[in-house]
Amino acid sequence: MKKTTILIWGMLLVFIQLKAQENASLGIIPAPVKIKMNIGNYNVSNKIGAEFIGFNNSENLNNFLRQLPLIDVQKKNGLKLILDKSLPLKEEGYRLTVTKEGIIIRSSTERGAFYGLQTLLQILNADQTEIPFLEIEDYPRFAYRGLHLDVGRHMFPVSFIKEYIDMLAYYKLNTFHWHLTEDQGWRIEIKKYPKLTTIGGFRDQTLIGYLRNKPKQYDNERYGGFYTQEEVKEVVAYAASKYITVVPEIEMPGHALAALSAYPELACGKNPASFKAAYEWGVFDDVFCAGKEQTFKFLQDVLDEVLPLFPSEYIHIGGDECPKTKWKTCEFCQKRIKKEKLKDEHELQSYFIQRMEKYLNKKGRQIIGWDEILEGGVAPNATVMSWRGTKGGIAAAKLSHKVIMTPGPYLYFDKQESKSSEEPLTIGGHVPLSKVYSYNPVPDELTKEEQKYIIGVQANLWTEYIRTPEKVRYMIYPRIFALSEIAWTPLANKDWKDFSENRVVSHLGNLDQKGLIYRVPEPIEAKDTTLIGENFELKYKVPVKGAAIYYTINGKVPYDFDFKYADAVKVSVPKGEERILKSVVITPSGRRSVVVTTILKNQ
Ligand code: TNX
């Protein structure tokens with residue numbers, strides 16, 4: 001071969017390689033386990049057909065396929081879904097291949113095929129006309145991948161719960177933790193105890209503003225509602241059609257004021273006061289009495305109605321933040337402590353949880369509890385949700401209990417993403433996207449053996465300060481993307497740069513196109529800080545596809561008629577002066593990021 005021919009071939013190879021790398025992440029969140037790019041593209045600009053092989057007439061998958069704009073059910077060729085029980089992948093895994101013959105999704109379960117379809121959908125979201133030839137092998141890192149929603153503090157319509165479930169499925173999360181009972185409202189219909197919802201479902205008013213503001217103000221408006229059992233069934237069935245398990249939470253013994261407002265006899269003492277569902281936030285002293293048999297009878301009755309609605313193996317029974325104040329002076333609780341030879345009120349809480357566990361185990365269910373259930377002795381089969389940091393999770397794993405990691409400092413999406421004063425009212429605290437992404441649910445403190453007890457990870461959305469579906473979206477996007485990736489993607493494949501600069505950018509671009517609310521990230525690389533120098537040249541990147549960065553250097557809030565960022569922000573500052581650079585992202589739909597202020601100083 002002539003030298004020039006070799007050179008041309010060589011250049012071509014380099015080009016192909018670069019092209020393949022450029023596509024390497026394909027915009028998929030969570031990043032798959034393995035992607036191999038091949039040369040060529042499969043054209044999908046015309047609709048393609050779909051064919052099931054080996055599936056026993058899967059209604060779920062069929063219905064799902066039917067809704068995809070890519071698919072024409074009248075056609076046959078194009079996409080093949082093959083059920084292959086011998087596939088050596090984890091239960092939820094799949095293989096997706098695209099060749100000139102078409103697209104094949106191979107899996108050993110329906111669930112796996114469903115996740116293969118989510119991947120396909122995400123690839124198509126980036127390009128509607130062509131899919132590169134490729135081979136993907138994929139399966140989850142953790143079996144439990146959850147997102148929680150508190151409907152006690154504020155309620156959200158069934159239609160929105162379904163949207164939430166769709167979003168979970170699209171990001172390959174498989175558990176929706178539905179927090180159904182709270183001090184501020186009991187949200188699930190229980191036929192035997194109708195007052196739980198007619199009385200306990202409503203509060204007289206709601207706190208306006210932050211809990212610690214003085215003086216406190218209230219909105220003077222009755223607030224409430226609940227889900228009927230029919231609605232619950234509808235949600236659970238909808239979730240199941242997206243391969244999502246709904247884990248209900250019925251809180252005990254604390255966070256029970258709404259229940260006590262309906263049935264005050266379940267509180268401590270002979271003649272308990274009357275109660276009202278709480279209308280501000282926090283932890284309240286009045287809790288279920290652990291001494292009265294009546295309390296257990298009530299909770300078992302409630303669970304008897306809850307269990308048939310939720311096929312989930314796990315039932316969450318709360319267990320967090322239960323003050324022992326009332327128990328200390330309650331004759332019934334004290335009698336129980338003596339009779340059961342308990343050391344103190346912590347052991348009484350443990351008695352409470354263990355007794356409920358026994359009841360649920362007998363019915364074939366397992367309990368999950370917040371990490372407080374470790375205090376006073378953990379129930380023998382309980383799974384622990386570690387929320388006060390990771391200590392509880394580590395302790396539980398060392399005791400050979402299953403653990404779901406949901407630590408506040410990393411995975412509480414009710415905390416705000418930045419410290420900017422432009423952030424909306426939140427519960428406080430600060431959990432930026434990068435912090436969520438940095439979280440590894442398996443703590444270094446555990447041995448290999450103990451690590452096996454970490455069955456998964458979850459983010460929580462408490463809604464004291466979240467009143468509308470729109471604000472839920474603001475709080476979860478884009479942090480849910482990071483949750484998805486830490487829950488699914490192998491540790492070794494995590495790649496913050498590709499995630500934050502490519503994939504988040506395109507997924508937020510899609511939300512923007514749909515006109516949905518989400519939190520617009522600040523210009524990538526822009527920092528609230530002071531820089532010292534004379535000639536500044538700052539490079540930023542756009543965090544949302546199609547968006548632009550605008551800036552001012554006179555300290556004013558930037559608008560879209562100000563300087564538009566192109567290659568760099570170039571500013572020269574005379575000796576002894578400073579310039580206040582403010583930058584903002586504005587998206588195609590007109591959404592704005594918070595403003596970043598960078599002081600440029602020439603000393
Ligand atoms: C603690 S997390 C709680 C919730 C609050 C939340 C606010 C947990 C088990 N209990 O009741 O809503 O903090 O971040």
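As a reminder, the structure under discussion sits directly above these lines.
J.: Explain the sheet that holds strand E2 (residues 49–53) here, please?
T.: Strand pairing within a sheet occurs via backbone hydrogen bonds; the two strands may be parallel or antiparallel. In space, the six strands of this open sheet follow the order E1-E6-E4-E5-E3-E2, with mixed pairing throughout. Two strands in the sheet have a free side with no partner beyond their single neighbour: strand E1 (34–43) and E2. On average, each strand axis in the sheet is inclined to that of its neighbour by 20°, with strand direction left out of account. Judged from the five bridges that link them, E2 and strand E3 (residues 78–83) form a sheet pairing that is parallel. Within E3, the position partnered with Phe52 by the bridge is Leu81.

J.: Looking at this structure, I do not really get the sheet that holds strand E15 (residues 245–252). What am I missing?
T.: If you trace the eight strands once around the closed barrel, you get E7-E8-E15-E16-E17-E18-E19-E20, paired in parallel fashion. Neighbour to neighbour, the strand axes of the sheet diverge by 30° on average, direction disregarded. Pairing of strand E7 (residues 144–150) with strand E8 (residues 175–179) involves five bridges; the strand directions are parallel. Paired with Asp150 across the two strands is His179, which belongs to E8.

J.: How should I be thinking about the side chain of Arg473 in this particular structure?
T.: Here Arg473 lies in helix H16 (residues 469–476). Classification of Arg473 as buried rests on a relative accessible area of 11%. At 2.7 Å, the side chain of Arg473 and the side chain of Glu163 are in polar contact. Those residues in contact with Arg473 that lie beyond four places of it in its chain are Phe160, Glu163, Leu516, Ile517 and Tyr518.

J.: Sorry if this is basic, but what is going on with the packing of helix H10 (residues 331–339) against helix H11 (residues 345–362) here?
T.: Each pair of packed helices gets described by two things: the angle between the helix axes and the distance between those axes. Between H10 and H11, the least distance of the axes is 10 Å, while the angle of their chain directions is 85°. Between H10 and H11, the angle is such that the two are roughly perpendicular. On H11, the residues touching Cys333, Gln334, Arg336 and Ile337 of H10 are Glu345, Leu348, Tyr351 and Arg355. The residue inventory of the contact of H10 with H11, partitioned by class, reads four nonpolar, one polar and three charged.

J.: Hey, could you run me through the environment of Pro132 in this one?
T.: Here Pro132 lies in strand E6 (residues 130–138). Among the residues examined, Pro132 registers a relative accessible area of 11% and is labelled buried. Counting along the chain gives 71 residues from Pro132 to Leu61, while the straight-line C-alpha distance between them is 24 Å. With sequence-adjacent residues up to four places away left out, Pro132 is seen in contact with Leu26, Met37, Gly40, Asn41 and Val98.

J.: Explain unusual backbone geometry to me, please; I cannot follow it from the model alone.
T.: Where the residue is not glycine, phi is negative for most of them; where a peptide bond is considered, it is trans in most cases. A cis amide bond links Lys214 to the next residue, Pro215, at an omega of -10°. Its place among the elements puts Pro215 in the loop between strand E12 (207–208) and strand E13 (217–218). Note the cis peptide between Met252 and Pro253, where omega equals -15°. The backbone phi angle of Lys172 is positive, close to 60°, even though this residue is not glycine. Position of Lys172 among the secondary structure elements: in the loop between helix H4 (158–170) and E8. Note on Lys172: relative accessible area 0%, which makes it buried. At Tyr243, a position not held by glycine, the phi torsion is positive, near 60°. Of note, Tyr243 is situated in the loop between helix H6 (229–241) and E15.

Thresholds applied
Residues numbered from 1 in each chain as written. Predicted model: local features only at pLDDT ≥ 70, side-chain atom pairs only at ≥ 80, totals over all residues. Heavy atoms only, no water. Pairing = 2+ DSSP bridges. Helix = DSSP H or I, 4+ residues; strand = E, 2+ residues; numbered from the N terminus. Axes fitted to C-alpha atoms, helices over the stretch in contact; angles between N-to-C directions. Buried < 20%, exposed > 50% of the residue type's maximum accessible area, 1.4 Å probe, protein only. Polar contact = N/O pair within 3.5 Å; in protein donor to acceptor, adjacent residues only side chain to side chain. Contact = heavy atoms within 4.5 Å. Parallel < 35°, antiparallel > 145°, perpendicular 65-115°, else oblique. Nonpolar A, V, L, I, M, F, W, Y, C, P; charged D, E, K, R; others polar.

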